[in-house]
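The chain contents come next:
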Amino acid sequence: MINPSTPSVGLAVLHLFCKVAPLAERSEILAALDRSTERGDQVVVASMLGHKADVAVMALSTDQWNLRSLQTDLAAAGLEVVDSYVSLTEISEYAAGVPEEMRNARLYPQLPPDDKQVFCFYPMSKKREGDANWFTEEFDRRKELMYEHGASGRKFKGRVLQVITGSTGLDDYEWGVTLFCVNPDDVKDVVYTMRFDEASARYGIFGPFYVGMVADPAEVLTTVGVS
Ligand code: 76R
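This one's a predicted model, so the numbers in the text were calculated from it and none came from an experiment. (Residues numbered from 1 in each chain as written. Predicted model: local features only at pLDDT ≥ 70, side-chain atom pairs only at ≥ 80, totals over all residues. Heavy atoms only, no water.)

**Considerations on the coordination of the manganese atom of the ligand**
Part 1 of the argument: Bound to the manganese atom of the ligand on the protein side are H149 (NE2) and Q162 (OE1), at distances that span 2.2 to 2.4 Å.
Part 2 of the argument: Taken together, the six donor atoms surrounding the manganese atom of the ligand define angles of 73 to 179 degrees at the centre, an arrangement classified as octahedral. With H149 in helix α4 (residues 139–154) and Q162 in strand β8 (residues 160–166), the pair connects residues that are 13 residues apart, well separated along the chain. (Donors = N, O, S within 2.8 Å, 3.2 Å for Na, K, Ca; no water. Tetrahedral: all angles 85-135°; square planar, octahedral: opposite > 155°, others 65-115°. Helix = DSSP H or I, 4+ residues; strand = E, 2+ residues; numbered from the N terminus.)

If you want it as structure tokens, here you go:
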């Protein structure tokens, strides 16, 4: 009997970036995704553009063991994991006082949003270098910079949903940034605009970017040639 591995607040999150293996089994992949939702987990599936991956799977669960089972099942069904990201939903320390409804939307997001099919993921950290060390700045200064960030982000209301998941100690960067956008150019606009926020311009460090389109799992598999 394995004990659940459950965050005391929020959800455990796993992003898997996969390539289609030669013997991938459509019905087995769909069954693996179904088993995950039957366990009560949320699973978002996207068809990816470019050489880095064919399929992205973002799963959110109350139990990390469920995420492990999904990963095992997908690998057995012929989706080869070529990159991944491990994180937890969180409420930013600069948003600690927000209303209950907003807290819940951050900690327990309902994904995917149905009007935003463009999917973008990248990990990011904040610098700890010489005169640009985020972690030696006073809390009030960081809060001020995150307010600037939030204000520029709110200009994208309705076009972009950000899901920030924390990964300090869990993966190679400090946050996973998952964006759901209406149009592909919304991704470019929001990321470009935020580069000018001091929090990103001076302190942001970014990992690889992944982009694709969310669809029903069966449609995603068809579009990546698993028929
Ligand atoms: O939770 C909130 O909406 C409150 C305001 C807010 C916080 C606290 C906010 C708003 N963000 C917050 C935290 Mn964000 N965000 C990013 C990126 O590419 C880059 O330069 C950065 C990647 C984008 C594109 C983005 C978009 N945000 C964070 C944090 C955690 C920092 C911490 O805790 O120290 C990170 C790493 C991060 C990164 N942000 C918004 C957006 C958008 C579009 C908004 C407005 C959201 C809305 O009003 O619905």
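**Examining the site of the ligand**
Part 1 of the argument: Taken together, 20 residues lie near the ligand, and R106, Y122, H149, Q162 and S200 sit nearest.
Part 2 of the argument: Residue Y122 places a side-chain N or O atom 2.5 Å away from an oxygen atom belonging to the ligand.
Part 3 of the argument: Contact distances for the ligand include 2.6 Å between a nitrogen atom and a side-chain N or O atom of Q162.
Part 4 of the argument: Breaking the shell around the ligand down by element, the ones donating at least two residues are α3 (100–107), β5 (118–126), α4, β8, β9 (175–181) and α5 (184–195). (Near = heavy atom within 4 Å. Polar contact = N/O pair within 3.5 Å; in protein donor to acceptor, adjacent residues only side chain to side chain.)

**Examining the packing of aromatic side chains**
For any two aromatic rings, the description comes down to two numbers: the centre-to-centre distance and the angle of the planes.
Part 1 of the argument: Overall, the coordinates contain eleven aromatic pairs when judged by the stated rule.
Part 2 of the argument: Taking 5.5 Å as the distance between ring centres and 40 degrees as the angle between the ring planes, the aromatic pair formed by F17 and F121 counts as tilted. Of the two residues, F17 is situated in strand β1 (residues 12–20) and F121 in strand β5; the sequence distance between them amounts to 104 residues. The exposure classification of F17 matches that of F121, with both residues buried.
Part 3 of the argument: Centroid distance Y122 to F209: 4.1 Å. Interplanar angle 25 degrees. Geometry classified as stacked. One end of the pair, Y122, is in strand β5; the other, F209, is in the loop between β10 (204–206) and β11 (210–214), with 87 residues separating them in the sequence.
Part 4 of the argument: With a relative accessible area of 30%, F209 lands in the partly exposed category.
Part 5 of the argument: Members of the aromatic cluster, joined through ring pairs, are F17, Y85, F121 and Y210.
Part 6 of the argument: Positioned above the aromatic ring of Y210, the side-chain terminus of K52 is 5.4 Å from the ring centre.
Part 7 of the argument: The ring of F206 carries the charged tip of R195 above its face, separated from the ring centre by 4.0 Å. (Phe/Tyr/Trp six-rings, centres within 6.5 Å; stacked < 30°, edge-to-face > 60°. Buried < 20%, exposed > 50% of the residue type's maximum accessible area, 1.4 Å probe, protein only. Lys NZ or Arg CZ within 6 Å of the ring centre and 35° of its normal.)

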